[in-house]
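Structure assessment
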Amino acid sequence: MTDRLQPPKVPCGSCPYRADVPSGIWHRSEYEKLTTYDGETWEQNPAVFLCHQKDGCLCGGWLLTHDPRELLALRLHRQDVAPETFEYNSDVEVFASGKEAHDHGVRDLDQPSREAWRNMEGLKRLRIRET
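Structure report, in brief. (Residues numbered from 1 in each chain as written. Predicted model: local features only at pLDDT ≥ 70, side-chain atom pairs only at ≥ 80, totals over all residues. Heavy atoms only, no water.)

Glancing now at helix H4 (residues 98-107). Within the span of H4, buried status applies to Gly98, Ala101, His102, His104, Gly105 and Val106. Its buried side turned inward, H4 meets helix H1 (28-34) and helix H2 (60-65). (Buried < 20%, exposed > 50% of the residue type's maximum accessible area, 1.4 Å probe, protein only. Helix = DSSP H or I, 4+ residues; strand = E, 2+ residues; numbered from the N terminus. Contact = heavy atoms within 4.5 Å.)

A complete count under the given rule lists seven salt bridges for this structure. Salt-bridge contacts for Asp103 lead to Lys99; the nearest nitrogen and oxygen are separated by 2.7 Å. With Asp103 and Lys99 both in helix H4, this residue pair falls four residues apart, about one helical turn. (Salt bridge = Lys/Arg side-chain N within 4 Å of Asp/Glu carboxyl O.)

Another point: the nonpolar core. Membership of the largest hydrophobic core comes to 30 residues, with the highest contact counts inside it found for Tyr17, Ile25, Phe49, Trp62, Leu63 and Leu74. Broken down by element, the residue count for this core peaks at three residues, all from helix H5 (residues 114-130). (Core = buried A, V, L, I, M, F, W, Y, C linked by side-chain atoms within 4.5 Å.)

With that out of the way, let us pick up the environment of Ser23. The topology assignment puts Ser23 in the segment before H1. The exposure class of Ser23 is buried, given its relative accessible area of 2%. Once the C-alpha coordinates of Ser23 and Arg125 are considered, the two residues, 102 residues apart in sequence, prove to be 19 Å apart. Every residue in contact with Ser23, bar those within four places of it in the chain, is listed here: Tyr31, His104, Gly105, Val106, Arg107, Asp108 and Ala116. A distance of 3.2 Å separates a polar atom in the side chain of Ser23 from the backbone oxygen of Gly105. Of note is the side chain of Ser23, whose polar atom sits 2.9 Å from the backbone nitrogen of Asp108. (Polar contact = N/O pair within 3.5 Å; in protein donor to acceptor, adjacent residues only side chain to side chain.)

What follows covers the side chain of His52. Here His52 lies in the loop between H1 and H2. On the basis of relative accessible area, His52 is assigned to the buried category, the value being 12%. Polar side-chain contacts of His52 include one of 2.7 Å to the side chain of Glu30.

This paragraph deals with the environment of Met120. Position of Met120 relative to the elements: it lies in helix H5. For the pair Met120 and Tyr17, spaced 103 residues apart in sequence, the C-alpha to C-alpha distance is 16 Å. With near-sequence residues (within four places) excluded, Met120 lies in contact with Gly24, Ile25 and Pro112.

Shape is all these values report; function is a separate question.
What follows is the structure, encoded as structure tokens:
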């Protein structure tokens, strides 16, 4: 049996779905992906949304924002994800939709706050350590 994609214990600290993450830390294209999971199941993006920080891990914010049982990507890739994915839960506050997360994320792209810059620097340090 192959390893299945796992949900995290909690969404990572820079998850674009988290309500407490500063606006503007990800590239616009990353925020654009968030809205593609908001529609009816048959309208959604069929790609599984992975964590930006943890390889082989599903995005916890994605699972909290959207009902995992209604995500087209998880239905199509059921054999590739751990069974507990469909009952994922966490106390981390996330936006109510991909559109809300998107709108928050792109709001300060042109002028990120100091907190956003600190988050970006932390992400850069993580990437440097991984190489």
